[in-house]
Amino acid sequence: MNARPDTFTPAEAAVIAGVSVRDVHRMIDEHILPDRLFDSKESRSFKSQACVFISFYFGAADRLTAEERQRTIVLASKVADWSKAKKIVQDDFLTIDFASFSRGVEERLGRLRYAAVLDPAGGRCCVRLVPEGHS
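Report on the accompanying structure. (Residues numbered from 1 in each chain as written. Predicted model: local features only at pLDDT ≥ 70, side-chain atom pairs only at ≥ 80, totals over all residues. Heavy atoms only, no water.)

Ranked by internal contacts, the top residues of the largest apolar core, which has 33 residues, are Leu33, Phe46, Ile54 and Phe98. At the level of elements, helix H1 (10-17), helix H2 (21-29), helix H3 (48-59), helix H4 (66-77) and helix H5 (99-115) are the ones that each hand at least two residues to this core. Counting residues per element, this core draws most heavily on H3, at eight residues. In contact with Leu33, other than residues within four places in its own chain, are Met27, Phe38, Phe46, Ala50, Phe53, Ile54 and Ile73. (Core = buried A, V, L, I, M, F, W, Y, C linked by side-chain atoms within 4.5 Å. Buried < 20%, exposed > 50% of the residue type's maximum accessible area, 1.4 Å probe, protein only. Helix = DSSP H or I, 4+ residues; strand = E, 2+ residues; numbered from the N terminus. Contact = heavy atoms within 4.5 Å.)

In structure tokens:
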């Protein structure tokens, strides 16, 4: 996995968010994610909080418009300490609970961390396949 534990490559972010790599890149290309949630100077990397918002953006597509999902992400991204927040965003009459998206992200992140191991022979990172339902 990425050298910095709080940032992820587009491929890692896709696994963690439960979407395609193409969808992860769309979040930057279409200016959906606030700039503070990713870095694209040398290569693209995403903060862990971005994975929750990416999961939300595509997971709520059948219920909310793109504009409302983006507005909700902007509001939620202003929370100072997302890890300790209640993960509920209220905007006028609309209340969004990010708890299910956060749980899914944490579960997939745990599986990804379990799968990434160091190869004792060469010290390079390799991926161990983990059967569905095991973590």
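Among the eight residues that make up H1, six are buried, leaving the element largely enclosed by the rest of the structure. By the burial criterion, the buried members of H1 are Pro10, Glu12, Ala13, Ala14, Ile16 and Ala17. Directly beyond the C-terminal end of H1, a positive phi value near 80° is found at Gly18.

Opposite charge on two side chains allows them to pair when their charged atoms are near. With the rule as written, the count across this model stands at five salt bridges. Two residues, Asp23 and Arg26, come together in a salt bridge whose shortest N-O distance is 3.6 Å. With Asp23 and Arg26 both in helix H2 and three residues apart, this pair spans about one turn of that helix. The partly exposed category is assigned to Arg26, whose relative accessible area is 24%. The partner of Arg71 in a salt bridge is Asp91, and the shortest N-O contact between them spans 2.5 Å. Note that Arg71 is positioned in helix H4 and Asp91 in strand S4 (residues 88-91), a separation of 20 residues in sequence. (Salt bridge = Lys/Arg side-chain N within 4 Å of Asp/Glu carboxyl O.)

With that settled, consider the sheet that holds strand S2 (residues 38-39). The three strands are arranged S1-S3-S2 in an open sheet whose pairing can be described as antiparallel. With one partner strand each, in any of the chains shown, strand S1 (7-8) and S2 form the two edges of the open sheet. Across two bridges, S1 lies against strand S3 (residues 45-47) in antiparallel orientation. Among the inter-strand pairings, Phe8 is bridged to a residue of S3, identified as Phe46. Sheet strands touched by H3: S1 and S3. Its angle to S3, the strand with the most contacts, is close to 90°. (Pairing = 2+ DSSP bridges. Axes fitted to C-alpha atoms, helices over the stretch in contact; angles between N-to-C directions.)

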